[in-house]
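Examining the three-dimensional arrangement
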Amino acid sequence: MLDRMKPATARWLAGGAWSVALVVISIRVWFKPGAHSVFTSFREAGAHWVKGGELYYHGSKFLYSPLAAAWFAPFSFLSENVAGITWRLLGGILLPVAVYTAARFVWPHPESRKGSWALVALLPLSLSNLNNGQANPLVLALLIFSVVALVREHWFFCSLCLAIASYFKIYPLAIGLLFSTLYLRRLSWRLLLSVIGLFALSLLMQRLSYVLGQYGSWFAHLGGITRRSADESRAWRDAYFLLRMVRIPITPAAWVVLEVLAGMTIAAFCIRGVWRSWPEKRLIYAAFGLGCVWMVLFGPATEAASYILLGPAIIYGLFESCRSNAPNWIRFGVGTAYAGLLLADISDSWLRLKGQLVYARAFQPFVATLFLATLIVWLARDEYWRATPDEAVDESN
């Protein structure tokens, strides 16, 4: 058990588990680089960027920005297996580094083992993303680094991490907007400047007319995706899907309104915390946790792999609820959310239920809804955030 280990032993165990997982995945990719991989489309987009080709042709699976395509350009000069391994190692190293760095600031006691616990807990939620070559581990690492920068008051680094993540998947910008509600004068203009700066950078990386044309094609390509109204076996896994499952009628246009209202409600909730002078750690967790929930439940495109974005928020909730005055049902709700994510990932990756049972596809958004309800009630009650008398003892564990 980790709680009986020396801190150094726990760190070695967590690092060893991640290392073994990355080695096994790398061996699989070396021999079968194109199997079970979305990275193929990323590398292809990078090759098209280098040649000045169309990124968003009919049938293209590449959904990220032209700047992201430029990021993938160097991978196109490598063989598919070497490029695939390099890409997975990048996400597989940056994510645990980000988590451990964040844990050092959340639990700053030098003898704390919680960073190792967090890494062990996050690993099983990350395996399918790493194996498939998803961009989610890199995006999540950037979001976690933005939290560290926020705590350290490195405003430009925070905004840059958020902006880069948003050029991969637009909806991480929601986290940036929520952070900006907490630090309006210090972060909002820097975030805007970072987004504009990265756009300007992309204009310098290829012919101006080509880059501008690709941005236009990108928006048209995203607007042409019809999975929102697809049948249940292909639809996005979000709150829209849950509404369809329980036969509540909603049109795609009404859904956009609901997305905006949900985001505004979360922002208002965070602003309320500012007005009530919540401690900084509670405010940041509210913005980050609720923002991650919004991304998967109300974001523009949520697949099974997207639910890794909830992992750090839930894992932090497990630790924080155990060291505070939160009642047992809060701990049960957060623990159930973690177990639900893990079971859903196992069912998708190993039991292959996602294409056979429609209700299995509803499991992840249901778990996210459970976590959302638990988190809102927990954050709203001041008495649940008072530290227990033995907090100092807990920090040393």
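Throughout, residues of each chain are indexed from 1 in the direction in which the sequence is written. For this predicted model, a pLDDT threshold of at least 70 governs which residues receive local features, and a threshold of 80 or more governs which side-chain atom pairs are given and counted, while totals over whole chains, interfaces and linings are taken from all residues. The side-chain figures draw on all heavy atoms in the structure; neither hydrogens nor water molecules are used.

1. What to know about the nonpolar core
Side chains of nonpolar character tend, in soluble globular proteins, to be buried together. Stated precisely, the cut-off is as follows: By nonpolar core is meant a set of buried Ala, Val, Leu, Ile, Met, Phe, Trp, Tyr and Cys residues that side-chain atoms within 4.5 Å join together. Relative accessible area decides the class of each residue, using a 1.4 Å probe on protein chains only: under 20% of the type maximum gives buried, over 50% gives exposed, and in between gives partly exposed. By the convention used here, residues are in contact when the closest approach between their heavy atoms is within 4.5 Å.
Counting residues in hydrophobic clusters, the biggest one holds 120 residues, and the most contacted among them are Phe179, Leu310 and Phe371. With near-sequence residues (within four places) excluded, phenylalanine 371 lies in contact with Tyr285, Val293, Leu310, Ala313, Ile314, Val334 and Ala337.

2. Some points on the environment of leucine 258
Let me state the cut-off plainly: Each helix corresponds to a stretch of at least 4 residues labelled H or I by DSSP, and each strand to a stretch of at least 2 residues labelled E; elements are numbered beginning at the N terminus.
Within the secondary structure, leucine 258 sits in helix α12 (residues 252-275). Discounting residues that sit within four places of it in the chain, leucine 258 has contacts with Leu243, Ile250 and Phe298.

3. Digging into unusual backbone geometry
For glutamate 153, which is not glycine, the phi torsion reads 65 degrees and is therefore positive. Its location among the elements puts glutamate 153 in the loop between α6 (136-152) and α7 (155-168). For glutamate 153, a relative accessible area of 47% translates into the label partly exposed. One non-glycine residue, serine 277, adopts positive backbone phi at about 60 degrees. Looking at the secondary structure, you find serine 277 in the loop between α12 and α13 (280-297). Residue serine 277 is classed as exposed on the basis of its relative accessible area, which comes to 59%.

4. Details of a nonpolar patch on the surface
Selection rule: Like-charged residues are merged into a patch within 9 Å and nonpolar side chains (Val, Leu, Ile, Met, Phe, Trp, Tyr) within 5 Å, provided each residue has over 30% relative accessible area and no salt bridge. Surface accessibility follows the Shrake-Rupley procedure with a 1.4 Å probe radius. Residue values consider only the protein chains on display as shielding. For this document, the term salt bridge refers to a Lys or Arg side-chain nitrogen within 4 Å of an Asp or Glu carboxyl oxygen.
A cluster of nonpolar residues, Val23, Ile27, Trp30, Phe31, Leu78 and Val82, forms a patch on the protein surface that exposes about 580 Å² of accessible area. Ranked by residues supplied to the nonpolar patch, first place goes to helix α1 (residues 7-31) with four residues. Its place among the elements puts valine 23 in helix α1.

5. As for the packing of aromatic side chains
For clarity, the cut-off: Here is the rule: rings of Phe, Tyr and Trp (six-membered ring for Trp) pair when centre to centre is within 6.5 Å. Planes less than 30 degrees apart are stacked, more than 60 are edge-to-face, and the remainder are tilted. Two conditions define a charge sitting above a ring: the NZ of Lys or the CZ of Arg must be within 6 Å of the ring centre, and it must be within 35 degrees of the ring normal.
Evaluation of the coordinates by the stated rule reveals 31 aromatic pairs. Ring geometry for phenylalanine 39 and tryptophan 87: centres 6.0 Å apart, planes at 20 degrees, overall stacked. With phenylalanine 39 in helix α2 (residues 39-51) and tryptophan 87 in helix α4 (residues 80-106), the pair connects residues that are 48 residues apart, well separated along the chain. For the pair formed by phenylalanine 39 and tryptophan 87, the shared burial category is buried. Members of the aromatic cluster, joined through ring pairs, are Phe39, Phe42, Tyr56, Phe62, Tyr64, Trp71, Phe72, Phe75, Trp87 and Phe168. Between arginine 282 and the ring centre of tryptophan 278, over which it is positioned, the NZ or CZ distance is 4.0 Å.

6. Observations concerning the side chain of serine 37
Counted only if it meets this: We call two N or O atoms a polar contact when they sit within 3.5 Å, provided that within protein one can donate a hydrogen and the other can accept it, with sequence-adjacent residues counted only if both atoms are side-chain atoms.
Note on placement: serine 37 falls in the loop between α1 and α2. Within the local environment of serine 37, its side chain forms a polar contact with the backbone nitrogen of phenylalanine 39, the two atoms lying 3.1 Å apart. Separated by 3.1 Å, the side chains of serine 37 and arginine 88 make a polar contact. The residues touching serine 37, leaving out its near neighbours within four places in the chain, are Arg88 and Asn132.

7. Examining the confidence of the model for the protein chain
Filter applied, for reference: A score from 0 to 100, pLDDT tells how confident the predictor is in each residue.
Considering every residue of the protein chain, the mean pLDDT works out to 88; 89% of them sit at 70 or more. Of all helices and strands in the protein chain, the one with the weakest mean pLDDT is helix α18 (residues 391-395) (46), whereas helix α3 (residues 66-72) scores best (97). Confidence over residues 390-397 falls short of pLDDT 50; this stretch has 14 contacts with residues more than four positions distant or in other chains.

8. Topic: helix α17 (residues 363-380)
An α-helical turn contains 3.6 residues, so a residue and the one three or four places further along point in the same direction. Our working rule: To estimate how far a helix should reach, multiply one less than its number of residues by 1.5 Å.
Its 18 residues place the ends of α17 26 Å apart at the C-alpha level, agreeing with the 26 Å of an ideal helix rising 1.5 Å per residue. Along α17, the residues that are buried comprise Gln364, Pro365, Val367, Ala368, Phe371, Leu372, Thr374, Leu375, Trp378 and Leu379.

9. Digging into the packing of helix α8 (residues 173-182) against α12
Note the following rule: Note on method: axes are straight lines fitted to C-alpha atoms, helices fitted across the in-contact stretch only, with angles between N-to-C directions ranging 0 to 180 degrees. Angle categories: roughly parallel below 35 degrees, roughly antiparallel above 145, roughly perpendicular from 65 to 115, and oblique for all the rest. By convention the crossing between two helices is left-handed if the near helix lies anticlockwise of the far one by an angle smaller than a right angle, and right-handed if it lies clockwise. For this classification, Asp, Glu, Lys and Arg are treated as charged, while Ala, Val, Leu, Ile, Met, Phe, Trp, Tyr, Cys and Pro are nonpolar and the rest, including Gly, are polar.
Running from N to C, α8 and α12 point in directions that differ by 25 degrees, and their axes come no closer than 9 Å. Taken together, the axis directions place α8 and α12 in an arrangement best described as roughly parallel. In this structure, the crossing between α8 and α12 has a hand that is right-handed. Here α8 contributes Leu178, Thr181 and Leu182 to the contact with α12, which in turn contributes Ile266, Ala267, Cys270, Ile271 and Val274. Classifying every residue of the contact of α8 with α12 by side-chain character gives seven nonpolar, one polar and no charged.

10. Notes on the environment of phenylalanine 288
Checked against the element boundaries, phenylalanine 288 lands in helix α13. The exposure class of phenylalanine 288 is buried, given its relative accessible area of 7%. Residues contacting phenylalanine 288, with those up to four places away along its chain left out, are Leu143, Ile144, Val147, Ile175, Phe179, Pro312 and Ala313.

11. Points about α8
Counted residue by residue, α8 has seven buried out of ten residues, so it is predominantly covered. Residues of α8 that are buried: Ala174, Ile175, Gly176, Leu178, Phe179, Ser180 and Leu182. Tucked inside the fold, the buried residues of α8 contact α6, α7, α9 (184-203), α12 and α13.

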